[in-house]
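The primary structure of each chain is shown beneath.
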Amino acid sequence: MELFPYLSALLIEEVERRPDEVVLRTRVRSATAACRCGQSSARVHGRYVRRLRDVAVGGLGVVIELCVRRFRCENLACTTVTFAEQITGLTTPHSRHTPLLRGALTQIGLALAGRAGARLADAVGITVGRDTLLRLVRTLPEPVIGEVEVLGVDDFAFRKGRHYGTVLIDMATHRPLHLYDGREGEDLAAWLQDHPEVKVICRDRSSGYAEGARVGAPQAEQVADRYHLWANLGQAVEKTVNAHRSRLAGPQPEPADSPDTLEAEPVVVQPPTELKIVTRLREQHAAAHELWEQGMSKAAIGRKVGLHQATVRKLVGARSADDVVAKSLQRAHVVDPYIGYLHQRWNEGVRNAAQLYREIRELGYPGGELAVQRHLRRYRTGRGHAPAVGPKPPSVREVTSWIMTHPEHLRDEDADKLHRLRERDPELDRLTGHVRKFAAMMTARHGDRLEEWIASAEHDNLAPLAGFARNLRRDFDAIRNGLSLPHSSGAVEGNINRLKMLKRQMFGRAGLDLLRKRVLLAR
């Protein structure tokens, strides 16, 4: 009775158990009913059977067949002639679901949308179509927007690079307030004009949102998000490190020749074992000469050892096996004119075959990438006239990560590599210093140091970092607030992540109205 409080008002006449549901045939106990005007009536006009679905019990659906009576209203001033009786907690006008089931289906629709929600409902014994779930979600009223003092603004992609929307977040409760199509400043300004209580606006560095916030809420302080500032700084650092890529490799060992030598010859690294082709050529040369000295003809020797007669002639005509090996292995190759360049770039730390192929192609290399890959294979294994194979220099991303990471959080090995790199390259040393000053300013909320940092970065000769610093002046006040105030867009980014999950869950087939309901109402 506590689970179904409306049962106290019903008289159950019959219970029928079916394979997938339970049917309760009932009627109302009371002899009277109240009209919407408040007048009670006992004059029955007619009867009909109403089928209502309720929440499942034990995995079985529950169907209530209720015998409903229509009454005549005895209030002469009432415009209603007849009315149907309603049972609190069981019936609502024109509904085939009980309020309890309707609420459960609405929550399923909010959480899973149509198809997935219908599958879950069916698993717990509730038969419902996906369109019904979506209709229930769309009919929900939107939450009331109260007083908002700190507002978060960010965009999201319906289709990345083509179609965007905007979401507004109450930073005090971390709940979405509004979601609309587009990311123009005029729409944000119009919303802010209806909410003059906004005092702080957390946003990214978008110029559209900046202008919309300035026009719609001139009284509010704009706060640029620290996450985007740090991400933009990381991009500038990566560009700077990439410009110094050739310096990432460690110093090459000094040549062992006399100081008077202008150019050191390439280091010859002998292979640990003789190549199979060399061994085979030596064996064939020895066998051919032995049979030739026995008086056999070249054709007979070819049949004996399984070689072509022309090959036998080369073997017999060679004075030694070394001559045969030299002629077979010292053929000119299409990569040979570019070996010097490949040596140089290899020693500078560039080990990617595709990149080296693109570079020598600009120099006139007519061959394909596969030949370059085969040639570089010698370098990797230390065969032939190849550069000495030392430790691979760090990649641009690795060095960028070392510079952008707090020194206390770096592994000892990485900290040591960064230290040696800073000793070799003064420009990367200054870059690291700029980054760490910015990090200290950001984490300790020293926004008053921003002007000094920008001036220092602009006067340095690190072009990407100087460009980043000059760009900060375009939104100076918001960035200074972001480095001084405790507000951030962390809650906004969390809601954007949740919004992306909801959007992908609907596979792009639903409209903005349904996405809006789920973003604003789903818990």
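The rules behind each value
Residues numbered from 1 in each chain as written. Predicted model: local features only at pLDDT ≥ 70, side-chain atom pairs only at ≥ 80, totals over all residues. Heavy atoms only, no water. Helix = DSSP H or I, 4+ residues; strand = E, 2+ residues; numbered from the N terminus. Buried < 20%, exposed > 50% of the residue type's maximum accessible area, 1.4 Å probe, protein only. Contact = heavy atoms within 4.5 Å. Areas by Shrake-Rupley, 256 points an atom, 1.4 Å probe, with all protein chains shown as cover. Polar contact = N/O pair within 3.5 Å; in protein donor to acceptor, adjacent residues only side chain to side chain. Pairing = 2+ DSSP bridges. Axes fitted to C-alpha atoms, helices over the stretch in contact; angles between N-to-C directions.

Novice: What exactly am I supposed to notice about the overall build of the protein here?
Specialist: Within the protein one finds 21 helices and 12 strands. Classification of the 523 residues of the protein by burial places 41% in the buried group. Sequence separation of at least 24 residues holds for 59% of the intrachain contacts in the protein that already meet a minimum separation of 6. Working note: accessible area of the protein is about 30200 Å², and carbon and sulfur atoms make up 50% of it.

Novice: What am I meant to see in the side chain of Thr91 here?
Specialist: By the secondary structure assignment, Thr91 is in the loop between strand E7 (82-84) and helix H1 (99-112). The exposure class of Thr91 is buried, given its relative accessible area of 8%. In terms of polar contacts, Thr91 uses its side chain to reach the side chain of Gln86, at 2.7 Å. Polar contacts involving the side chain of Thr91 include one to the main-chain amide nitrogen of Ile87, which spans 2.9 Å.

Novice: Is there a simple way to think about unusual backbone geometry in this case?
Specialist: What you tend to see is this: most non-glycine residues have negative phi, and most peptide bonds are trans. The phi dihedral of Ala113 is positive, around 65 degrees, even though this residue is not glycine. In this structure, Ala113 sits in the loop between H1 and helix H2 (115-123). Since its relative accessible area comes to 5%, Ala113 is described here as buried. At Arg445, a residue that is not glycine, the phi angle is positive and equals roughly 60 degrees. Position of Arg445 relative to the elements: it lies in the loop between helix H16 (426-443) and helix H17 (450-458).

Novice: For this particular structure, what's the right way to read the sheet that holds strand E8 (residues 150-159)?
Specialist: Strand pairs in the sheet, formed through backbone hydrogen bonds, run parallel or antiparallel to each other. Taken in spatial order, the five strands make up an open sheet running E10-E9-E8-E11-E12, and their pairing is mixed. Each edge of the open sheet carries a strand with a single partner, namely strand E10 (175-181) and strand E12 (221-224). Neighbouring strand axes in the sheet, compared pairwise and without regard to direction, differ in orientation by 25 degrees on average. Lying on the sheet, helix H20 (residues 490-505) is in contact with E8, strand E9 (163-170) and E10; it crosses E8 at an angle near 30 degrees.

Novice: Can you walk me through helix H8 (residues 298-305) in this structure?
Specialist: Side chains of residues three or four places apart in an α-helix project in the same direction, reflecting 3.6 residues per turn. Within the sequence span of H8, burial applies to Ala300, Ile301 and Gly302. Buried residues in H8 make contact with helix H7 (276-293) and helix H9 (309-317). Downstream of H8 by a residue or two, Gly306 has a phi angle that is positive, lying close to 75 degrees.

Such coordinate-based values are descriptive only and should not be taken to indicate function.
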